[in-house]
Amino acid sequence: MNADSKRIKVTLVRSLSGRLKAHQACARGLGLRRMHHTVEVLDTPENRGMVNKIHYLLKVEGV
């Protein structure tokens, strides 16, 4: 990963319990483990797709 690669900060703000398994898998794929857990991920099309799929569970910030 180079120094100029774009990153986004993603925070899980709603619970994963009772959600579709695919949506839970997206959260795990982004590295989110529990409520109010924040991770920084690379701004790639793959990560953007996961963020878009579970946007209603997340707070997203550009870094």
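From a predicted model like this one, the values you see are computed outputs, not experimental measurements. Along each chain, numbering runs from 1 in the same order as the chain's sequence is written. Residue-level local features of this predicted model are given only where pLDDT is at least 70; pairs of side-chain atoms are given and counted only at 80 or more, and the full residue set underlies all totals for whole chains, interfaces and linings. By convention in this description, side-chain values take in all heavy atoms of the structure and omit both hydrogens and water.

Buried, partly exposed and exposed residues are distinguished by accessible area as a fraction of the type maximum, computed with a 1.4 Å probe on protein chains only: under 20%, between the cut-offs, and over 50%, respectively. The secondary structure listing takes helices from DSSP runs of H or I that are at least 4 residues long and strands from runs of E that are at least 2 residues long, numbered from the N terminus. Residues of helix 2 (residues 45-53) that are buried include every one of Asn47, Met50 and Val51, and no others. Down the axis of helix 2, the buried side of the element spans an arc of 100 degrees, and every buried residue falls inside it. Pointing more than 90 degrees away from the buried face of helix 2 are the exposed residues Pro45, Glu46 and Asn52. Only heavy atoms matter for contacts: two residues are in contact if any of them lie within 4.5 Å across the pair. Here the buried face of helix 2 lies against strand 1 (7-12), helix 1 (21-30), strand 2 (38-42) and strand 3 (58-62). Arc definition: it is the arc formed by the directions from the helix axis to the C-beta atoms.

Our next topic: the side chain of Asn47. In this structure, Asn47 sits in helix 2. Discounting residues that sit within four places of it in the chain, Asn47 has contacts with Leu30, Val41 and Leu42.

Between Lys or Arg on one side and Asp or Glu on the other, a salt bridge is scored when a side-chain nitrogen of the former is within 4 Å of a carboxyl oxygen of the latter. For the structure on display, the rule yields three salt bridges. Note that Asp43 and Arg48 form a salt bridge whose closest N and O atoms lie 2.6 Å from each other. In this structure Asp43 comes out as partly exposed when scored by relative accessible area, which is 30%.

With that settled, the discussion passes to unusual backbone geometry. Phi is positive for His36, close to 65 degrees, though the residue is something other than glycine. With respect to the secondary-structure elements, His36 resides in the loop between helix 1 and strand 2.

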